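Breakdown of the fold
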Amino acid sequence: MLKPGEQAPLFQADSTQGSIDLTDLLGQKPIVLIFYPMDETPGCTKQLCAVRDAESEYAERGAAVLGVNPASKDSHEKFAARQGYRFPLVVDEGGAIRRLYGVGKSLGFLTQQRTVFVINLEGRIAFAEKGLPSTEDILAAIDKLSTEKA
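Residues numbered from 1 in each chain as written. Predicted model: local features only at pLDDT ≥ 70, side-chain atom pairs only at ≥ 80, totals over all residues. Heavy atoms only, no water.

Per the secondary structure count, the chain includes six helices and nine strands. In terms of overall size, the chain behaves like a compact globule, its C-alpha atoms giving a radius of gyration of 14 Å where 150 residues would be expected to give roughly 15 Å. The principal-axis extent of the C-alpha atoms belonging to the chain is close to 40 × 30 × 25 Å. Classification of the 150 residues of the chain by burial places 49% in the buried group. Within the chain, contacts between residues at least 6 apart in sequence are counted, and of these 66% link residues at least 24 apart. Counting only carbon and sulfur atoms, one obtains 52% of the accessible surface of the chain, whose full area is about 7,400 Å². Averaged over its 17 positive side-chain charges, the chain has a centre that lies 4 Å from the centre of its 20 negative ones. (Helix = DSSP H or I, 4+ residues; strand = E, 2+ residues; numbered from the N terminus. Rg over C-alpha atoms; globule rule 2.2 N^0.38 Å. Buried < 20%, exposed > 50% of the residue type's maximum accessible area, 1.4 Å probe, protein only. Contact = heavy atoms within 4.5 Å. Areas by Shrake-Rupley, 256 points an atom, 1.4 Å probe, with all protein chains shown as cover. Lys, Arg positive; Asp, Glu negative; His and termini not counted. Charge placed at Lys NZ, Arg CZ, Asp CG, Glu CD.)

Okay, here's the thing in structure tokens:
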């Protein structure tokens, strides 16, 4: 898994909001990448609903939030519509993005590990945590970016 200070790999992928090119976001705003195992499962729904419910807090910080997993665009679109997610869910076809970020697999080989990264304006990993970091921890990592620049 990539660690803070390492360069964030660039990628292009389809999403629920069209094509996402990380190059377009770098330098513009902090980026939060949430690698989650599966659409429509209780744990993943809870995790992404926490992002949805804190949407205004992410917006106040100018952060772009992207959910990432290997499910199809159709699956992502149904999940996003059912839960009211207004942030993109990225299709990680074949797990290529997961591998770029060093995100492992859980349950042997069935699903990707739950991992959150925050990428700073210089394109470096500023925060990396497996599991379910709280919204407060993620927002604190974003807030820390502005104090580091000052």
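Further notes follow.
Although it is not a glycine, Glu40 sits at a positive phi angle of roughly 70 degrees. Tracing the chain through its elements places Glu40 in the loop between strand 3 (31–35) and helix 2 (42–53). Here Glu40 falls in the partly exposed class, since its relative accessible area comes to 35%.

In this structure, the largest pocket spans a volume of roughly 260 Å³. Tallied by class, residues from the lining of the largest pocket come to 11 nonpolar, one polar and three charged. (1 Å grid on protein atoms, 1.4 Å probe; cavity = no way out; pocket = protein on both sides within 12 Å on 5 of 7 lines; lining within 4 Å. Points joined across faces, edges and corners; volume = space filled by probe spheres on them. Nonpolar A, V, L, I, M, F, W, Y, C, P; charged D, E, K, R; others polar.)

What follows is about the sheet that holds strand 9 (residues 125–130). Sheet strands line up and pair through hydrogen bonds in the backbone, either parallel or antiparallel. Pairing in this open sheet of five strands is mixed, and the strands run 5-4-3-8-9 from one edge to the other. The strands lining the two open edges of the sheet, one partner per strand, are strand 5 (89–91) and strand 9. Put simply, the sheet's adjacent strands are angled 20 degrees from each other on average, direction ignored. Here strand 3 runs beside strand 4 (residues 64–69); their pairing, made up of five bridges, is parallel. Considered in strand 4, the bridge of Ile34 is made with Gly67. Here helix 2 sits on the sheet in contact with strand 3, strand 4, strand 5 and strand 8 (115–119), set at roughly 160 degrees to strand 3. (Pairing = 2+ DSSP bridges. Axes fitted to C-alpha atoms, helices over the stretch in contact; angles between N-to-C directions.)

As a further point, take the environment of Leu89. Here Leu89 lies in strand 5. According to the relative accessible area criterion, Leu89 is buried, its value standing at 0%. Along the sequence, Leu89 and Glu57 sit 32 residues apart, while their C-alpha atoms lie 19 Å from each other. Leave out the neighbours within four places in its chain, and Leu89 touches Asp14, Ser15, Thr16, Tyr36, Leu48, Gly67, His76, Phe79 and Ala80.

Another point: the pairing of strand 4. One face of the sheet, then the other: side chains in a regular strand alternate in exactly this way. Most of strand 4 is tucked away: six of the six residues are buried. Residues Ala64, Leu66 and Val68 line one face of strand 4 and the alternating positions Val65, Gly67 and Asn69 line the opposite face, and both faces are buried. With three bridges connecting them, strand 4 and strand 5 associate as parallel partners. Counterpart to Val68 in the pairing with strand 5 is Val90. Read from strand 4 through helix 4 (residues 73–83) to strand 5, the crossover connection turns out right-handed. (Right-handed = clockwise from strand over helix to strand, strands pointing away.)

Counting 24 residues, the largest nonpolar core has Val32 and Tyr58 as its most contacted members. Put simply, the parts of the chain that give this core at least two residues each are strand 3, helix 2, helix 4, strand 8 and helix 6 (135–149). With five residues, the single largest contributor to this core is helix 6. Listed in part, the 22 residues of the second largest apolar core include Phe11, Leu33, Val103 and Ile125. (Core = buried A, V, L, I, M, F, W, Y, C linked by side-chain atoms within 4.5 Å.)

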